[in-house]
Amino acid sequence: MDDVFKALADASRRALLDRLHARNGQTLTELCDGLAMTRQAVTKHLAILEAANLVATIRHGREKLHYLNPVPIHEIGERWIRKFERGKLAALSELKRQLERRDE
Amino acid sequence: MSKPEFVYVTYIETTPEKLWQALTDSAFARQYWFGGEFQTDWKVGSPFALAKDGTPSDIGTVLEFDPPRRLSYTFQHVLTTDFRNERPSKVVFMLEQHGRLVKLILTHEDFAGAPRLLDAVSKGWPAIMSSLKSLLETGAALAIPTSALGIEGV
């Protein structure tokens, strides 16, 4: 679990997760595209994310594809968010989302 | 061949044989898969169903059964008309032993004809996989109510 928090404690790595959340299953080249980071830096960040199991990779033909893996984040949620609170939290985050969207 | 839409990975402190049993035996599925039971003989080509209280919620066909390494079936939600009209997608479970841990890789693909299922699946699998991990490691699954997942129309 330390690995997950360390991996998330970096804006560049969170940005990479956001990109995978927007479009799952990207190659390294696709992930680097349009980012103000060197390929080496992205590779290093991806290795940290993969070690924390936040990113899963599979071989697809000749390509290595990267996927956002939400399972460890779910496990963190299960540890501290009691199940009877879930419904309320879901409702609150939906309310927040709706209100923020209205402001846009 | 299209690329999988989802890849989920979890590391479970267990053996491939125990994990395989959990993936194929209703006594386990009831605990981690929202009370679901498997209705299948697990022969390649046989029908597969996940049922709750005798009513199938998801149906498919067994594609691969290679214990304790690789399990695959087609998957189609059938409880509501919206989902029933979609085409079946494909689920693959891969088990790899790494010392005391088993890496469980789940891919779910072929959603071309199943946009509604795509949304439901992305919310369901992380819950099912962490519940399965908890069951095998601690002996108790997580009691996650289906309503907590926020899936519309299920």
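For the structure, see preceding data.
Looking at the interface of chain B and chain A
Often the size quoted for an interface is simply the accessible area lost on bringing the parts together. Facing the 21 residues of chain B at the interface are 19 residues of chain A. Summed over both sides, the interface of chain B with chain A buries roughly 1,700 Å², with 64% coming from carbon and sulfur. Summed over the three residues of chain B that lose the most area to chain A, namely B:Lys3, B:Val7 and B:Val9, the buried surface amounts to 31% of that side. If you look at where chain B meets chain A, you find zero salt bridges. Taken together, the links from chain B to chain A amount to seven residue pairs in polar contact (both at pLDDT 80 or more).

Observations concerning the packing of helix H5 (residues 71-80) of chain A against helix H4 (residues 115-138) of chain B
The interhelical angle for the contact between H5(A) and H4(B), taken along N-to-C directions, is 65 degrees, at an axis separation of 9 Å. Between H5(A) and H4(B), the angle is such that the two are roughly perpendicular. Seen from above, H5(A) lies across H4(B) with right-handed handedness. Facing A:Val71, A:His74, A:Glu75 and A:Glu78 of H5(A), the residues of H4(B) in contact are B:Pro126, B:Ala127, B:Met129, B:Ser130 and B:Lys133. Of the residues in the contact of H5(A) with H4(B), the class split is four nonpolar, two polar and three charged.

What counts as what
Each residue is numbered by its place in its chain's sequence as written, counting from 1. By the order in which they are written, chains take letters starting at A while ligands take numbers starting at 1. In keeping with the predicted nature of the model, local features appear solely for residues at pLDDT of at least 70, side-chain atom pairs appear and are counted solely at 80 or more, and the whole-chain, interface and lining totals rest on all residues. Note that water and hydrogens are dropped before the side-chain values are worked out from all heavy atoms of the structure. Whether two residues are in contact is decided by their heavy atoms, any of which lying within 4.5 Å being enough. Note on definitions: buried area is the accessible-area loss of two parts on being combined, 1.4 Å probe, summed for both. Think of a salt bridge as a Lys or Arg side-chain nitrogen and an Asp or Glu carboxyl oxygen that are within 4 Å of each other. In protein, a polar contact requires one atom able to donate a hydrogen and another able to accept it; more generally it is a pair of N or O atoms within 3.5 Å, and residues adjacent in sequence count only if both atoms are side-chain atoms. Lines fitted to C-alpha atoms define the axes, with helix axes restricted to the stretch in contact, and inter-axis angles between N-to-C directions lie between 0 and 180 degrees. By the criteria applied, helices consist of DSSP H or I runs no shorter than four residues and strands consist of E runs no shorter than two, each listed in order from the N terminus. Angle categories: roughly parallel below 35 degrees, roughly antiparallel above 145, roughly perpendicular from 65 to 115, and oblique for all the rest. Crossing handedness: left-handed means the near helix sits turned counterclockwise from the far one by under a right angle, and right-handed means the same turn made clockwise. Basically, the charged four are Asp, Glu, Lys and Arg, the nonpolar ten are Ala, Val, Leu, Ile, Met, Phe, Trp, Tyr, Cys and Pro, and anything else, Gly included, counts as polar.

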